[in-house]
Every structure is written in C-alpha cells, then in structure tokens.
Amino acid sequence: MYWADELAANAGGPQVVSDSKTPSGTIHVGSFRGPILVDAIWRALRERGVDAQATYGVDDMDPMDAQALLTPDAVDRYMGVPLAHVPAPAGSGASSYARHFAGQFLDTFAGLGFHPYVFWMSELYASGAMDPFLRIALDRADRVREIYERVANVHHPREWHPISLVCESCGKVGTTIVLEWDGSQVRYECRSDLVTWAHGCGHGGRVSPFGGRSKLPWNLEWAAQWSYLGVTIEPSGKDLSTKGGSRDRSDAIAREVFDREPPLNVPYEFLNIGGRKMSTSKGRGATAHEMAEVLPPELVRFLFLRHRPNHALDFDPSGDTIPRLFDEYDRIADATAGREVRGELPPDPDRIFKVCQLDPDTDAAAEASRYRPPFGHLALLGQVPGVDVVERFAAEKGETLDAAELSILEARRRAARAWLEHWAPERARLVVHRSAPPAEVAALSDEQRIYLGGLALAAEREGPASGEAWQNLVFRVAQEAAMPAGRAFGALYIAFLGRTNGPRAGWLLAALPAEFVIGRLRKAAGWRASPEGAAEGSA
Ligand SMILES: [Zn+2]
C-alpha cells in the first residue's frame, strides 16, 4: 500500500496535518518536502472520507540568528530580533524579512496544488491566541525545566522561565531571559552575553508578557501550535526527530505541560544537493521558488513523492538529474496507463502518479495515457533551428496532440530551455552544422563513409518519418554492414555535429529535413581530404 494510504487507513476521527518553517533566508528546494508530504497525507485522508485539514505555519517570531544573511551594518542591530521585525532585503516590496522569504515560498504552493490554511506566529502572538499557552508555560516553569533536564539533558537555572520577552528597548527576543512571574507580569533582562550570536542591550523591566510582547521557546511553541490548531499528524525532518531532539522535547511538553497527546510523527529524510545537505541559507542554484518556476508542478511533487518519506533524496539540478526525473515520471505514467514498462517499479505506481497531479480528483489512468514528449529528445529538438516540435511530436505519437498534451509539451519546453541554460552538461548542447559538413568528417574511416553512403540509400528508399524509424534504420544498416553500433553512431555525430557523441541519433535525423539529411550523408560519404575539402570545413 502507498505509505500515505497506509497512514490514512489507521487514522480515526477528524485530522489536522501540519508543518511549519522558520523563514531565515532564501528557502531551498528541499524545504518542499514537508508541505508536499502534508498535502499527500491530507489527500489520502480525504479520499478515505476522513474530515481533514492541512495547515502550514511560518515561525516568524524566531530570532534572526544567521549573520551571513544580513548586510554588515545590520548585524548589530538585527541579530536576535524576531524575523517578523527585521526589514525586508533592499528592493523587496515585502513588509518584513520573514514576509519576503516566506512569501516567495508560500506563493508557490497554489501552483503546486497545495492549499493549506496558513498561519503566521507573529499574528497568533499579537492576536492573543498564544496567551493561554504563555500563561501555562509560566505557571508550569518547574515542570518545563524538569522536562528539558530529563529528555534532552539540558539544564536551565532555577530562575529561568520558558518564555522570551521582546526587549522593549532594543527589540531583540534572542537575548532576553525571564526571571520572575507573578501571575500577571514577568521580570526580564536583556543580556549582552546570554547567547554568543547576538548581544542584548542590558535593559530590563517588569511587563505583561501577553499580546505579542513575548514568545515561547521553539519546543514549547511547537507544542502550543499543536494544541491551538488541534494537529494530529505532523511530519518532521530527521534532524528534529533524533532521540532527545526537538521532537522528543515537544512531545513531552505537549503531554506534560499542555496536557495533550502530541501528533503522529512522520519523520522524513533530507534532500541533498550533490550528496550534501543543503542549508536554507546556501540554497543557491536550487531555491524552492526557482525550481517551482522551472519544473512543471507534477514533477516537483514527483521529486518528493516517488519515494517513501524516510528515503534520502539527492537532487543536484546540474547534469542529467532533471532529464532522469522526467524519464522516471514518464515510466510511472506508462505503468499507470497499463503500458509495458522496463525495469523495476515502485509498489503502487498509479497511487504515486495520482498524488503528483495538481487536481486531487484527476482520473489517473486517463491522465497517464496522454502523450508525453521524452525530455531528452525535446531538449535536443528545441535546439535544432527550424524544427516544428509540435508537428514532430505529433508524428511520434501518430496523431495530433490534444490540448492537454500541447500544454504538457509547452511546460516541458520551458523546463528544457531552463535546463539547457543553467544545468545541462556540455554534451547535451547542440550545434548542427547546416551549410557544410564539419571539418571533423576528414577523420572518418573508409568503412564509416561506406556506412553513411549505405544509410543515405536506405533512407531514400524507405523514407523514415519518425525518430524511432530512423533509429531502427541506423541500426539495421549498421548490422548489414557488420559495423559496431558505436562506430555507426560516431560517424553520424561527426557528419552532423562535428563531434563523436550526441543525443539519440534517430531523433536528430528525424528532426531535420529529409533531403538535407540524405544530402549530408552523401557528402560525408564522398568526402576526401583535399585542400579544397579542408577549406570547406566547418560552417
Ligand atoms: Zn534589549
């Protein structure tokens, strides 16, 4: 059974599935894993008729704690300040640093078919919604200290209270410690040495902690979110799910401080870039909003939903990662459509295919049976001047593309252009030498020339129209001439591209006008190294 279906089958009663994120900088593509898992679980519940709600939170009262994300002149002033109170980067129209970065991320959700109820912690604190939890935390400070000691081996001094005031003088929340609570006010100090990464101003005072003037430490805030929203299922990254880690602490706090069973955890692995965990702040080249612009939404979903949550993902957008992702998606589509598929398949490919679609109610088999242009071929054909790719792929399909197939083609063209521009390996880039054979044809052996001549004759006779037909012909003529396939393809790449490797030759030849192909095969076949010929060289 698909993992989300398994989970849904065991759920009793109404469910709230949630995730949240600290918007401490540009958000990396790996951060899609949480919300996309939430959506997959929500969909599985809904399909079983369970009353379910998906929520997504922005932990924007967390303090700014990464110096590298600030301009040098802003470090002193803003390190330790809630992200909701740090100004947005220059040039942004957003009202705060948190709104800028979280906004970029949240703006992609609808396009990915994810429509959660979104909450901002700064708003929940300001509205007073968190006040009951602040009060309980303060009343039960002893118990909280004891839990930290027992679960995480973290010792807090007797006077420590589990909330942080936003300093009335410097606005920092990461530098304050609350030392007393009298039932209506707290006494706090803003210390220069409470943490190493930010320096408080030394101010102190007695003040009501309610209505947005303070926040709970992360472990308590998480547990308070669960109580406030009624969360029953929350996936969390493996860094939070370690023994004695954030999740264990919050689970204990939920039970023993807020008197509530914590939600079911669905621990998930990271997405790595080239084998390394990508932190939010270093997300260059694979930011969430950029990948959402480049990849069609069903492919973004597929990246995270093709494997179980506990499966580590590696996604380096450079090289062949993106073409392989499309190819694997197409294989799952083929399996869903009942077509024959080579290689091993995951269990329930049809469930994977369905959960990747934007519309949860998509008829998976019908959608899967649509024609999808293979990404590699599309990337190639898009580079051949004068090729009508719509006509080309209609020929491959054997009939006109319908409206949905045309939009699949268009989305893939965009993705292919972006891939070629930013990430494709050199061998995927293509220059067809149109006006004359490239100089490299001088290096062809006699048997390769004979082969090209034979292929010209056969092509003239048979008129292959599709990439498959050309590919078959290339193989057959090679076989008849007892030429190894590698040498045959090598000859073709040299004759058209001036190099010894290239994309699938059949598709390349099919994309070019037949008379040009046959003419070029003849010319290359008859090529003799001569001063004249050399001058004819590359064009
Ligand atoms: Zn201060």
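Sequence order as written defines the numbering, with residues in each chain counted from 1. Per-residue local features are limited, in this predicted model, to residues with pLDDT of at least 70; the limit for side-chain atom pairs, both in listing and counting, is 80 or more; totals at the level of whole chains, interfaces and linings are taken over all residues. Processing note: side-chain calculations cover all non-hydrogen atoms of the structure and skip hydrogens and water entirely.

Colleague: Whenever I open this one, the pairing of strand 1 (residues 15-21) confuses me. Can you help?
Modeller: Moving residue by residue along a regular strand, the side chains alternate between the two faces of the sheet. Working definition: with a 1.4 Å probe on protein chains only, accessible area under 20% of the residue-type maximum means buried, over 50% means exposed, and in between means partly exposed. Under the DSSP-based scheme used, a helix requires at least four consecutive residues in state H or I and a strand at least two consecutive residues in state E, with every element numbered from the N terminus. Counting buried positions over the seven residues of strand 1 gives seven, a clear majority of the element. Residues of strand 1 alternate between two faces, with Q15, V17, D19 and K21 on one and V16, S18 and S20 on the opposite face, all of them buried. Handedness of the crossover joining strand 1 and strand 2 (residues 52-58) through helix 2 (residues 33-47): right-handed. When the strands point away from the viewer, a crossover counts as right-handed if the route from the first strand across the helix to the second turns clockwise.

Colleague: What exactly am I supposed to notice about the pattern of salt bridges here?
Modeller: Close approach of charged atoms lets side chains of opposite charge pair. By salt bridge we mean one thing: a side-chain nitrogen of Lys or Arg within 4 Å of a carboxyl oxygen of Asp or Glu. All chains considered together, the criterion is met by 38 salt bridges. Ionic pairing is found between R412 and D330, a salt bridge with its closest N-O pair at 2.7 Å. A residue pair is termed long-range when its members are at least 10 positions apart, and R412 in helix 17 (residues 403-422) and D330 in helix 12 (residues 321-336) qualify at 82 residues. For the pair formed by R412 and D330, the shared burial category is buried. In this structure, the salt-bridge partner of E468 is R504, at a minimum N-O distance of 3.3 Å. Taken together, the residues span a long stretch of sequence, with E468 in helix 19 (residues 467-480) and R504 in the loop between helix 20 (485-497) and helix 21 (505-511) at a distance of 36 residues. Accessibility expressed as a relative area gives 33% for R504, which makes it partly exposed. Taken together, the shared-partner salt bridges in this structure form one network comprising E180, R187, E189, R191 and R206.

Colleague: Which parts of the structure should I look at to understand the coordination of the zinc ion?
Modeller: Between any two of four tetrahedral donors, the ideal angle at the metal is 109.5 degrees; between two of six octahedral donors, it is 90 or 180 degrees. Water is absent from the atoms considered, so a metal site may look incomplete; donors are defined as N, O and S atoms within 2.8 Å of the metal, or 3.2 Å for Na, K and Ca. Coordination of the zinc ion by the protein comes from C167 (SG), C170 (SG), C190 (SG) and C201 (SG), over a distance range of 2.3 Å. Between the four donor atoms coordinating the zinc ion, the angles at the centre fall across 104 to 114°, so the site counts as tetrahedral. Here the donor residues of the zinc ion share one chain and are spaced in sequence as C-x2-C-x19-C-x10-C. Remark: C190 occurs in strand 6 (residues 186-190) and C167 occurs in the loop between strand 4 (164-165) and strand 5 (176-181); sequence separation between them is 23 residues. C190 matches C167 in its accessibility class, with the two residues each being buried. Square planar and octahedral assignments, for four and six donors respectively, both demand that opposite donors be over 155 degrees apart and that all other angles lie between 65 and 115; tetrahedral needs four donors with all angles between 85 and 135 degrees, and anything else is irregular.

Colleague: Could you clarify how one ought to interpret helix 18 (residues 446-462) in this entry?
Modeller: Given 3.6 residues to a turn, an α-helix orients residues that are three or four positions apart in the same direction. Helix span is expected to be 1.5 Å times the residue number reduced by one. When the terminal C-alpha atoms of helix 18 are compared, their 24 Å separation across 17 residues agrees well with the 24 Å that a helix rising 1.5 Å per residue should span. Taken together, the buried positions of helix 18 are occupied by Q448, R449, Y451, L452, L455, A456, A458 and A459. By the convention used here, residues are in contact when the closest approach between their heavy atoms is within 4.5 Å. Elements in contact with the buried residues of helix 18: helix 19, helix 20 and helix 22 (514-525). Downstream of helix 18 by one or two residues, G463 has phi in the positive range, about 55°.

Colleague: Mind showing me how you'd approach the side chain of S236 here?
Modeller: Within the secondary structure, S236 is located in strand 9 (residues 233-237). The residues touching S236, leaving out its near neighbours within four places in the chain, are W222, S241, R247, N265, V266, P267 and Y268.

Colleague: Even after reading the chapter, I still don't get the packing of aromatic side chains, so can you show me in this structure?
Modeller: Aromatic ring pairs: the centre-centre distance and the angle between the two ring planes describe each pair. Stacked, tilted and edge-to-face are the three classes applied to pairs of Phe, Tyr and Trp rings, where Trp contributes its six-membered ring and a pair requires centres within 6.5 Å; stacked means planes under 30 degrees apart, edge-to-face means over 60, and tilted covers the rest. The full count for this structure, using the stated rule, is 22 aromatic pairs. Between F302 and Y329 the ring centres are 5.3 Å apart and the planes differ by 80°, which places this aromatic pair in the edge-to-face class. Linking F302 in helix 11 (residues 297-305) with Y329 in helix 12, this pair joins segments that are 27 residues apart in sequence. Relative to F353, the ring of Y329 has its centre 5.5 Å away and its plane inclined at 35°; by these criteria the two rings are tilted. Of this pair, Y329 sits in helix 12 while F353 sits in helix 13 (residues 349-356), and the two are 24 residues apart along the sequence. By relative accessible area, Y329 is classed as buried at 1%. A relative accessible area of 0% means that F353 is categorised as buried.

Colleague: Can you help me understand the side chain of E221 in this one?
Modeller: Its place among the elements puts E221 in helix 8 (residues 218-229). Residue class for E221 comes out buried when judged on its relative accessible area of 0%. In protein, a polar contact means a hydrogen-donor-capable atom and an acceptor-capable atom, both N or O and within 3.5 Å, with residues adjacent in sequence counting only if both atoms are side-chain atoms; elsewhere, any N or O pair within 3.5 Å suffices. Of note is the side chain of E221, whose polar atom sits 2.7 Å from the side chain of Y125. Those residues within four positions of E221 in sequence are excluded, and the remaining contacts are D59, D62, M121, Y125, K215 and L216.

Colleague: Even after reading the chapter, I still don't get the packing of helix 18 against helix 22, so can you show me in this structure?
Modeller: A pair of packed helices can be characterised by two numbers: the angle between their axes and the separation between those axes. Note on definitions: angles span 0 to 180 degrees between N-to-C directions of axes, and those axes are lines fitted to C-alpha atoms, for helices only across the stretch in contact. With their axes 8 Å apart at the nearest point, helix 18 and helix 22 run at an angle of 155° to one another. By the angle class used here, helix 18 and helix 22 are roughly antiparallel. Judged by the sense of rotation from one axis to the other, the crossing of helix 18 with helix 22 is left-handed. Residues R449, L452, G453, L455, A456, L457, A459 and E460 of helix 18 form the contact with helix 22, whose own contacting residues are I518, L521, R522, A524 and A525. Oblique is the label for any angle not under 35 degrees, not over 145, and not in the 65 to 115 range, which are roughly parallel, roughly antiparallel and roughly perpendicular in turn. The handedness criterion is simple: a crossing whose near helix is rotated anticlockwise from the far helix by less than a right angle is left-handed, and one whose near helix is rotated clockwise is right-handed.

Colleague: Quick question: what am I supposed to make of the confidence of the model for the protein here?
Modeller: Parts of the prediction with low pLDDT should not have their coordinates interpreted in detail. Taken residue by residue, the protein gives an average pLDDT of 92. The fraction at 70 or more is 95%. This stretch, residues 279-284, has a pLDDT under 50; its non-local contacts, to residues over four places away or in other chains, come to twelve contacts. The predictor attaches a confidence to each residue, and that confidence, scored 0 to 100, is pLDDT. Confidence drops under pLDDT 50 across residues 529-539; counting only partners more than four residues distant or on other chains, this segment forms 18 contacts.

Colleague: Can you help me understand the sheet that holds strand 6 in this one?
Modeller: Each strand in a sheet pairs with another by means of backbone hydrogen bonds, the pair being arranged parallel or else antiparallel. For two strands to be treated as a pair, DSSP must find no fewer than two bridges joining them. Taken together, three strands build an open sheet; the order of strands is 5-6-7 and the sheet is antiparallel. Each of the sheet's edge strands pairs with one partner strand only, and the pair in question is strand 5 and strand 7 (204-207). The average angle at which neighbouring strand axes cross in this sheet is 25°, direction not considered. Where strand 5 meets strand 6, five bridges bridge the pair, whose relative direction is antiparallel. Residue pairing for strand 6: T176 is matched across the bridge by C190.

Colleague: Explain the packing of helix 11 against helix 13 here, please?
Modeller: Between helix 11 and helix 13, the shortest axis-to-axis distance is 8 Å and the interhelical angle comes to 135°. In terms of orientation, helix 11 lies oblique with respect to helix 13. Along this stretch, helix 11 crosses helix 13, giving a crossing that reads as right-handed. Counted together, E298, R301, F302 and L305 of helix 11 and I352, V355 and C356 of helix 13 form the full contact between these two elements.

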